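# A look at the structure
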Amino acid sequence: KAGVTQTPRYLIKTRGQQVTLSCSPISGHRSVSWYQQTPGQGLQFLFEYFSETQRNKGNFPGRFSGRQFSNSRSEMNVSTLELGDSALYLCASSPILGGESPLHFGNGTRLTVT
Amino acid sequence: GENVEQHPSTLSVQEGDSAVIKCTYSDSASNYFPWYKQELGKGPQLIIDIRSNVGEKKDQRIAVTLNKTAKHFSLHITETQPEDSAVYFCAASYYGGSQGNLIFGKGTKLSVKP
């Protein structure tokens, strides 16, 4: 099976712009979670989608949003980018909803905001 | 919110030695504990996991132990090799929502010197 695929791998944006990141989960996985990874804060949960519905949301401002399509692919969007949004954004998929199944991570999208 | 403490933050060992990473969790309802390895430029990859009805699990050179009473679990790597050098994350399942379904420790950077 192909793993979790995230595109693009790298992005450079300017403050104030918006960005969309894409994630294709492992075939058959219906849950997609997004995490922000920074050296100081570690892995911070953004949101989780299951069957096209947002099930959980982390403590991030409304500038961070996401969606999931009927084929389980997911996108996240960050509007009005700030310098502090520079991070590695990781997508993870799981066959079921909830915390008792392993998360399978992609290699992430490295976002740099200048 | 709930928390997972991970120690040490950095660990340096000689090739062939053993390495131990310890984690403590706060939510007594947690019952699934995965460990992830993250190499440079890649996303975290699951290396081993344990559920609360098991006290110990082993996979070749890697073992995990769980003490539910004390709320701590540990990763043991024996006969370390240079390719074991990476950042390791522990995690505990959580059902509270805003922190996601897995709460992660801050990570341990393991360096194995040849």
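Everything in this summary refers to the structure shown in the same document. None of these values were measured; they are calculated from a predicted model. (Residues numbered from 1 in each chain as written. Chains lettered and ligands numbered in written order. Predicted model: local features only at pLDDT ≥ 70, side-chain atom pairs only at ≥ 80, totals over all residues. Heavy atoms only, no water.)

### Points about the overall build of chain B
- Looking only at helices and strands, chain B features zero helices and eleven strands.
- The C-alpha atoms of chain B give a radius of gyration of 14 Å, which matches the 13 Å a tight globule of 114 residues would have.
- Along the three orthogonal principal directions, the C-alpha set of chain B runs to about 45 × 30 × 20 Å.
- Carbon together with sulfur atoms contributes 47% to the accessible area of chain B, which is approximately 5,500 Å² in total. (Helix = DSSP H or I, 4+ residues; strand = E, 2+ residues; numbered from the N terminus. Rg over C-alpha atoms; globule rule 2.2 N^0.38 Å. Areas by Shrake-Rupley, 256 points an atom, 1.4 Å probe, with all protein chains shown as cover.)

### As for the nonpolar core
- Core analysis: the largest hydrophobic core is formed by 25 residues, its most contacted members being Trp35, Phe73, Leu75 and Leu110 of chain B.
- Every element with two or more residues in this core is listed here: strand S2 (10-14), strand S3 (19-25), strand S4 (32-38), strand S5 (45-51), strand S7 (62-67), strand S8 (72-77), strand S9 (86-93) and strand S11 (108-113) of chain B.
- Those residues in contact with Leu110 of chain B that sit more than four places away from it in its chain are Leu11, Val13, Ala19, Ile77, Asp84, Ser85, Ala86 and Tyr88 of chain B.
- One finds Leu11, Cys23, Ile26 and Val32 of chain A within the second-largest nonpolar core, a separate group that totals 21 residues. (Core = buried A, V, L, I, M, F, W, Y, C linked by side-chain atoms within 4.5 Å. Buried < 20%, exposed > 50% of the residue type's maximum accessible area, 1.4 Å probe, protein only. Contact = heavy atoms within 4.5 Å.)

### What about the environment of Asp49 of chain B?
- Take Asp49 of chain B: it is sitting in strand S5.
- Judged by its relative accessible area of 14%, Asp49 of chain B falls in the buried class.
- For the pair Asp49 of chain B and Phe33 of chain B, spaced 16 residues apart in sequence, the C-alpha separation works out to 5.6 Å.
- Each residue touching Asp49 of chain B, except ones within four places of it in the same chain, is listed here: Pro102 of chain A together with Tyr32, Phe33, Pro34, Lys57 and Val64 of chain B.
- At a separation of 2.7 Å, a polar atom in the side chain of Asp49 of chain B contacts the side chain of Tyr32 of chain B.
- Engagement of the side chain of Asp49 of chain B in a polar contact is seen with the side chain of Lys57 of chain B, the distance being 3.0 Å. (Polar contact = N/O pair within 3.5 Å; in protein donor to acceptor, adjacent residues only side chain to side chain.)

### Comments concerning the interface of chain A and chain B
- Contacts between chain A and chain B engage 23 residues on the former and 23 residues on the latter.
- Here chain A packs against chain B, burying approximately 1,800 Å² in sum over the two surfaces, 48% of which is carbon and sulfur.
- The largest per-residue losses of area from chain A upon contact with chain B belong to Gly99, Glu100 and Phe105 of chain A, which jointly make up 30% of the total buried on that side.
- For the pair chain A and chain B, the number of links is zero salt bridges.
- Our enumeration of links across chain A and chain B arrives at nine residue pairs in polar contact (both at pLDDT 80 or more).
- Residue assignment for the side of chain A that touches chain B shows that the elements contributing at least two residues are strand S4 (31-38), strand S5 (42-50), strand S6 (53-57) and strand S9 (87-94) of chain A.
- Tallying contributions element by element places S5 of chain A first for the side of chain A that touches chain B, with three residues.
- Split by residue class, the side of chain A that touches chain B holds eight nonpolar, eleven polar and four charged. (Buried area = accessible area lost by both parts, 1.4 Å probe. Salt bridge = Lys/Arg side-chain N within 4 Å of Asp/Glu carboxyl O. Nonpolar A, V, L, I, M, F, W, Y, C, P; charged D, E, K, R; others polar.)

### Things to note about the sheet that holds strand S6 (residues 56-59) of chain B
Residues and elements named next belong to chain B.
- Pairing is antiparallel across the open sheet formed by five strands, whose spatial order is S1-S3-S8-S7-S6. The two strands at the open ends of the sheet, each matched to only one other strand, are strand S1 (4-7) and S6. Put simply, the sheet's adjacent strands are angled 15 degrees from each other on average, direction ignored.
- Two elements, S7 and S8, share six bridges in a ladder whose sense is antiparallel. Directly across from Leu66, in S8, lies its bridge partner Phe73. (Pairing = 2+ DSSP bridges. Axes fitted to C-alpha atoms, helices over the stretch in contact; angles between N-to-C directions.)

### What about the sheet that holds strand S8 (residues 74-78) of chain A?
Residue and element names in this part refer to chain A.
- Spatial strand order, S1-S3-S8-S7: four strands in an open sheet with antiparallel pairing. At either margin of the open sheet sits one strand with a lone partner, and together these are strand S1 (5-7) and strand S7 (64-68). For this sheet, the mean angle separating the axes of adjacent strands, direction not counted, is 20 degrees.
- Pairing between S7 and S8: five bridges, direction antiparallel. Each residue of the ladder has a partner; that of Gln68, found in S8, is Ser74.

### Some thoughts on the state of the cysteines
- Across all of its chains, the model carries two disulfides over all chains by this definition.
- Each sulfur of the disulfide joining Cys23 of chain A and Cys91 of chain A lies 1.8 Å from the other. Every disulfide takes its handedness from the sign of the S-S torsion; for Cys23 of chain A and Cys91 of chain A that torsion is -55 degrees, giving left-handed. Residue Cys23 of chain A is located in strand S3 (residues 19-24), and its partner Cys91 of chain A is located in strand S9; the two are separated by 68 residues in the primary sequence.
- The disulfide partner of Cys23 of chain B is Cys90 of chain B, and the S-S distance across this bridge is 2.0 Å. On the sign convention where negative is left-handed, the bridge of Cys23 of chain B and Cys90 of chain B, at about -100 degrees about the S-S bond, is left-handed. (Disulfide = S-S within 2.5 Å.)

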